[in-house]
Amino acid sequence: MAINRNIQTLDEFTIQQMRAFPQATGELSGLLRDIGLAAKRVNVEVNKAGLVDILGDAGTMNVQGEEVKKLDILANNEFMGVLQHGISCAGIGSEELDDIVIFDDEVSNKSKYICMFDPLDGSSNIDVNVSIGTIFSVYRRVSELGKPATKEDFLQPGNKQVAAGYIVYGSSTMMVYATKRGVNGFTLDQSIGEFSLSHPDMKCPDAGKVYSVNHGNYFQYDQKVKDYITACQQKNSSNGGPYTQRYIGSMVSDVHRNLIKGGIFMYPGTTDRPKGKLRLLYECNPFAFIVEKAGGKATNGEIRILDVQPTELHQRTPFFIGSKSMMEELESHLNP
Ligand code: P6P
């Protein structure tokens, strides 16, 4: 007799996924559970950030030239720690680290996967209690198993990802991840201390009424981007509107909202920063993988983000992501 499980935990869900595919080795499921564990530990620190002296700038600058908050370092070390001491990951890349870290021990060198992450995206919002998040991306290695991972493992195009996800530390804490089998969302149930399946088989609505962009950069955008923004502002009840502009300044929150309610998020290039601000490997590729698996689209304004061939770990890219029909309207402006 099958026991009726009310709500599956992340661990139960990943194990059920393994049972459905007996040929699976369980390494990817184990890696996802490791990430879930680190996320729970980071969540504890994020939730008490205002109480414990971990606020304020750590006084160091990260590779982006940004002041690093103590929580950034803590989050980086939590995710790196569980992956380094697990059995599923051969090395990592992180927004907080200048270069990749190859774990190079007997167990890690046999691991099939590498992982890249932004340990705490939106960290400038930590001190003002705005939602922040972690973003992660998983690839199968292209280097020889049994030997240390190599740089080539990390410079694969986003269409080679085997999994990608994010944690949003918000009004509730959620972990959302995608594999080739779809997108599923888990809400942290504090009563049992487990992520529990709350959003099975997530789909991005084909249309939405929210556009998300930093209007402070408006006069630096390309005219075609300005034209699309104007089109959004001109929407009314007769042409699919009215649209609402929402911009949290924390991409995890903005994209999470659009994934659930429909919408479009844009971080275009500007005259000052033609490549924009967002990082291809551990911010844009994972979200593009997730949103595409949910039925949406993501581009750099010219081509599918997942088809961009990376050349360096921290490279930036203009980024447009969201509901399929909204992205197609944007593309009609960018590539008429
Ligand atoms: P701006 C946060 O620093 C971040 O990387 C994303 O989470 C967010 O969408 C973006 O930068 C906000 O940047 O320049 O609009 O403040």
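That block above? That's the structure.
Residues numbered from 1 in each chain as written. Predicted model: local features only at pLDDT ≥ 70, side-chain atom pairs only at ≥ 80, totals over all residues. Heavy atoms only, no water.

A.B. asks: Would you mind going over the pairing of strand β8 (residues 173-179) with me for this structure?
C.D. replies: Counting buried residues in β8 gives seven out of seven residues, a clear majority hidden from the surface. Across seven bridges, the pairing between strand β7 (residues 161-169) and β8 is antiparallel. From the neighbouring strand, Tyr166 faces β8, where its bridge partner is Val176. Where β8 meets strand β9 (residues 182-189), six bridges bridge the pair, whose relative direction is antiparallel. Within β9, the residue paired with Ala178 across the bridge is Val183. Counting the residues in the hairpin turn of β8 and β9 gives two residues. (Buried < 20%, exposed > 50% of the residue type's maximum accessible area, 1.4 Å probe, protein only. Helix = DSSP H or I, 4+ residues; strand = E, 2+ residues; numbered from the N terminus. Pairing = 2+ DSSP bridges.)

A.B. asks: What is the right way to look at the sheet that holds strand β6 (residues 132-140) in this model?
C.D. replies: Remark on secondary structure: sheet strands pair via backbone hydrogen bonds, oriented parallel or antiparallel. Strand order across the open sheet formed by eight strands is β4-β3-β5-β6-β7-β8-β9-β10, with mixed pairing between neighbours. The open sheet has two edge strands, β4 (101-102) and β10 (194-199), and neither has a second partner. Both β9 and β10 contribute to a ladder of five bridges, which runs antiparallel. Directly across from Thr187, in β10, lies its bridge partner Ser196. Along the sheet, helix α1 (residues 10-20) contacts β8, β9 and β10; its crossing angle with β8, the most-contacted strand, is approximately 10°. Its contacts with the sheet place helix α7 (residues 280-293) against β3 (89-94), β5 (113-121), β6, β7, β8 and β9, and it is angled at close to 100° to β7. (Contact = heavy atoms within 4.5 Å. Axes fitted to C-alpha atoms, helices over the stretch in contact; angles between N-to-C directions.)

A.B. asks: It is not clear to me how helix α6 (residues 251-261) should be interpreted in this structure. Could you clarify?
C.D. replies: Residues spaced three or four apart along an α-helix face the same direction, because each turn holds 3.6 residues. In terms of burial, α6 is a largely internal element, nine of the eleven residues being buried. Buried within α6 are the following residues: Met251, Val252, Ser253, Asp254, Val255, His256, Arg257, Asn258 and Leu259. One or two positions beyond α6, positive phi appears at Gly262, with a value near 90°.

A.B. asks: Which parts of the structure should I look at to understand the sheet that holds strand β12 (residues 244-245)?
C.D. replies: Across the sheet, five strands lie side by side as β12-β11-β13-β15-β14; this open sheet has mixed pairing. Taken across any chain shown, the strands that pair with only one partner, and hence form the sheet edges, are β12 and β14 (297-299). Note: strand β11 (residues 210-212) against β12, two bridges, orientation parallel. The partner of Tyr211 across the bridge, within β12, is Gln245.

Everything listed here is a matter of geometry and, on its own, says nothing about what the molecule does.
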